[in-house]
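Listed here are the chains, written in short residue letters.
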Amino acid sequence: MPSGLSFRAQQAFERAARDLVRLPAPGEGPLDYLLPEARWRELAAGAPDEEDWLRALSQATGVYFFPSREWVVALMRYLKLLRVRRLLEAGAGRGYLSAALAPLCAAAGLEFRAVDKGEGEFVSGLPVHEAVEAGDALAAVREFRPQVVIYAWPPPGQSVAAICQTPFLHYLILVGEAGGGVAGAREDWETLPHRDSPALSRYGRGRTGAARHRVTIFYGGGTGTGRRGPSTWKSK
């Protein structure tokens, strides 16, 4: 919680946080429960300390990455450009992102799965979206054989090399901070082929704020040279 709050104020903040960052209600569209980018920026501008506020929001909700509606739309456009047919979300947590991706992928003709081991830093006890399966990311990758994996805020120091080296994977989209350490392993940025994604870094924010939010695209074993562009993708 934000520092200096009374117990009652902390409870009020927790209730407000869980109203703000929530899973979709029955009947809502796939993007309706997400805040637009302008609203996120307005809220962040009104906080005394954006990073402190987002960390408290993360702790209250068990969510590490806060995608805006625009971020999800940009991601789906990117996946369409790549002609993706199978997408896996690793470390899906409560399914805050999965809840949007599952119906959008279904509508676009993409096979989608989301997995999480349930070992996050904050065990909130809050509901988990039905799209999220309990399981290990690497095991799910080997079974599902996705073309793209999205991994938002992997644990500090955890390498994604084993996933990237699978022969069928083309790209791993890592949402976190530049250079790893806080999200993922620093050595991945030093040893694995990758590039930044300005388009996907433009929207959304992690628990440390929009200024430090970066989306990195790692090249998988399925790209052959490790740098093949989307124009050479083949559907399987």
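Below: a short report on this structure. Bear in mind the structure is a predicted one, so any value in this text is a computation, not a measurement.

1. Describing the overall build of the protein
Counting its secondary structure elements, the protein contains nine helices and nine strands. Here the C-alpha radius of gyration of the protein, 17 Å, is about what a compact globule of 236 residues would show, namely 18 Å. For the protein, the spread of C-alpha atoms along the principal axes amounts to about 55 × 40 × 30 Å. Put simply, of all contacts in the protein between residues at least 6 apart along the chain, 73% involve residues at least 24 apart.

2. Section: the pairing of strand β5 (residues 148-152)
Residues in a regular strand point their side chains to alternate faces of the sheet. With five of its five residues buried, β5 lies for the most part within the structure. Residues V148, I150 and A152 point to one face of β5 and V149 and Y151 to the other, with burial holding for every one of them. Summarising the sheet, strand β2 (residues 86-90) and β5 pair through four bridges and their orientation is parallel. Each bridged residue has a counterpart across the sheet, and for L88 the counterpart in β5 is V149. Both β5 and strand β6 (residues 171-176) contribute to a ladder of five bridges, which runs parallel.

3. So, unusual backbone geometry
Excluding glycine, residues mostly carry a negative phi; peptide bonds, for their part, are mostly trans. In the Ramachandran plot, R83 falls in the positive-phi region, its phi being about 55° despite a non-glycine side chain. Along the polypeptide, R83 turns up in the loop between α4 (69-81) and β2. When its relative accessible area of 35% is taken as the criterion, R83 is described as partly exposed. A positive phi angle, close to 55°, is found at W153, a residue other than glycine. Given a relative accessible area of 8%, W153 falls into the buried group.

4. Brief notes about the packing of helix α2 (residues 37-46) against helix α3 (residues 50-61)
The contact between α2 and α3 brings their axes to 8 Å, and the two run at 115°. Taken together, the axis directions place α2 and α3 in an arrangement best described as roughly perpendicular. In terms of crossing hand, the pair formed by α2 and α3 is right-handed. Two secondary-structure elements touch here, α2 through W40, L43 and A44 and α3 through E50, W53, L54 and L57. For the contact of α2 with α3, the class distribution of residues is six nonpolar, no polar and one charged.

Calculation rules
- Residues numbered from 1 in each chain as written.
- Predicted model: local features only at pLDDT ≥ 70, side-chain atom pairs only at ≥ 80, totals over all residues.
- Heavy atoms only, no water.
- Helix = DSSP H or I, 4+ residues; strand = E, 2+ residues; numbered from the N terminus.
- Rg over C-alpha atoms; globule rule 2.2 N^0.38 Å.
- Contact = heavy atoms within 4.5 Å.
- Buried < 20%, exposed > 50% of the residue type's maximum accessible area, 1.4 Å probe, protein only.
- Pairing = 2+ DSSP bridges.
- Axes fitted to C-alpha atoms, helices over the stretch in contact; angles between N-to-C directions.
- Parallel < 35°, antiparallel > 145°, perpendicular 65-115°, else oblique.
- Left-handed = near helix turned anticlockwise from the far one by under 90°.
- Nonpolar A, V, L, I, M, F, W, Y, C, P; charged D, E, K, R; others polar.

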